[in-house]
Amino acid sequence: MAISFDTNHEPLIGKTEQLENDLVVITADNASPMTFTGTRTYILGTDNLIIIDPGPDSEAHLSSIMRYIGKRKVTDILLTHSHIDHSPLSRQLKLKTGARIIGFGSADEARTSFMKKLSSSLDLGGEEGIDKDLLLDEKVHEKQILKLNNYSIEVVHTPGHLSNHICFSLKERKILFSGDHVMGWATTLISPPDGDLGSFMNSLEKLSSRQEVIYYPGHGKPLKEPRKMVLAQIKHRRDREEQILNSVSKIPRTPAEIVDDVYVDLNPTLKAAAIRNVLAHLIDLYERDKVSTDKFSQTAKFSRSNEN
Ligand SMILES: [Zn+2]
C-alpha cells in the first residue's frame, strides 16, 4: 500500500492555535513548496514558557510570538535543527526575553565519518538552508533529560534530515516534537552532506520502537497515528531504493535521470529536492557496495555494482 500524506492544512498564519491545555502552536508566514504551510512554532507551559523552533527571521512571526507571550517569562528555546526556517528567530527572541537557546550542535556536528570523508574531498553541493549564524547556550545529547520548568523532556537524537536533528519527547504524556524528521504532509528532504539517508533510516527505526502516540511536527498537522507513519516511511524509502537500483541496473544514470525515471507525477518545483534525495540514496547504496561510480557528484553517472 502506498504511503498516504495529509496535505489538507489551512492554519491561520500568525494566530495562536491551542493544542493542549499547556501547548499552543503559531504558524509562521513562510509557506512554500519546501516548508508546506509554514514553520510551526510550539509554545509549552502556562506561566513560564518554553518555545520549540522559533522559526525564520520574520518580523511578523516575532510579533505574533511576542503578542502571545505577553508578560510571561520565556525560560528556554529548544531547536530541533539548524535550518533557516527553524532556528534564526531564536536570536531575536533571546534578546527580547533572555531565554537560553538549547540544541544539539552545529549542522555538521554529527556527520558520519564516511560523509565527512566524502564532503571534504568532493563537491556534493547541498548545504542549502543551513542557519550559518546558529547560536547555542547549551548543547544536548542523545537520551539527555532536560528538567525545564515542570517538564521533563527527553532528547531523541534523530540525524538524517540534518545530522544535528533532535526530537523532544514529553515522555509521560507520550508526545513527541518531531521537527522535520517525521511529518504528515511529505517525507523530509535529505540533502547530502548534511542529510544522510543511512542515518535517517536508523532514526526512523529508533522512533518505531518508541511509545509516543502523537507527534507535533515542524510543518503541517499533528500526527495522530505516528507509528504507522514511521513504518510507512521506512517502507517508502526501501521501495525507493529498489526503484533506484532497478533504474541503474541496465544503464548508468545521473541522479537527475533517475528522478525522471522513477518519480511519477513529480511537482516540477520539487525536482531539485528529488535529485538531492536520490543522491542521498546513491551515497548510502555506494557505502553498501550496491552502486558504483567513477567520480562522486550530483552530475556523475551511477551504475549497479556486480551482484554480491
Ligand atoms: Zn529542516
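Here, the structure is the one placed above.
Residues numbered from 1 in each chain as written. Predicted model: local features only at pLDDT ≥ 70, side-chain atom pairs only at ≥ 80, totals over all residues. Heavy atoms only, no water.

1. Here's the deal with the pattern of salt bridges
- Counted according to the given criterion, the structure contains 22 salt bridges.
- D131 serves as the salt-bridge partner of R91, at 2.7 Å between the closest nitrogen and oxygen. Pair noted here: R91 is in helix α2 (residues 89-97) and D131 is in the loop between α3 (113-121) and β7 (138-139), with a separation of 40 residues, a long-range link.
- On the accessibility criterion, D131 (5% relative accessible area) is buried.
- Linking K139 and E109 is a salt bridge whose minimum nitrogen-to-oxygen distance equals 3.1 Å. On the criterion of sequence distance, the pair formed by K139 in strand β7 and E109 in the loop between β6 (100-103) and α3 is long-range, its members being 30 residues apart.
- Within the structure, one salt-bridge network assembled from shared partners comprises E154, K171, R210 and E212. (Salt bridge = Lys/Arg side-chain N within 4 Å of Asp/Glu carboxyl O. Helix = DSSP H or I, 4+ residues; strand = E, 2+ residues; numbered from the N terminus. Buried < 20%, exposed > 50% of the residue type's maximum accessible area, 1.4 Å probe, protein only.)

2. Overview of the sheet that holds strand β8 (residues 145-148)
- In space, the five strands of this open sheet follow the order β8-β9-β10-β11-β12, with mixed pairing throughout. Every other strand in the sheet has two partners, leaving β8 and β12 (214-217) as the edge strands with one partner each. Strand-to-strand twist in this sheet, taken as the mean axis angle between neighbours without regard to direction, amounts to 25 degrees.
- Judged from the four bridges that link them, β8 and strand β9 (residues 151-157) form a sheet pairing that is antiparallel. Bridging across to β9, I145 finds its partner in E154.
- Against the sheet, helix α4 (residues 197-208) touches β9, β11 (175-179) and β12, its axis set at about 140 degrees to β9. (Pairing = 2+ DSSP bridges. Axes fitted to C-alpha atoms, helices over the stretch in contact; angles between N-to-C directions. Contact = heavy atoms within 4.5 Å.)

3. Brief notes about the coordination of the zinc ion
- All of the protein donors around the zinc ion are H81 (NE2), H83 (ND1), H161 (NE2) and D180 (OD); their distances to the metal are 2.1 to 2.4 Å.
- Sequence spacing of the donors to the zinc ion: H-x1-H-x77-H-x18-D. Note that H81 is positioned in the loop between β5 (73-78) and α2 and H161 in the loop between β9 and β10 (166-170), a separation of 80 residues in sequence.
- Residue classification places H81 among the buried positions, given a relative accessible area of 2%.
- Overall, the relative accessible area of 7% leaves H161 in the buried class. (Donors = N, O, S within 2.8 Å, 3.2 Å for Na, K, Ca; no water.)

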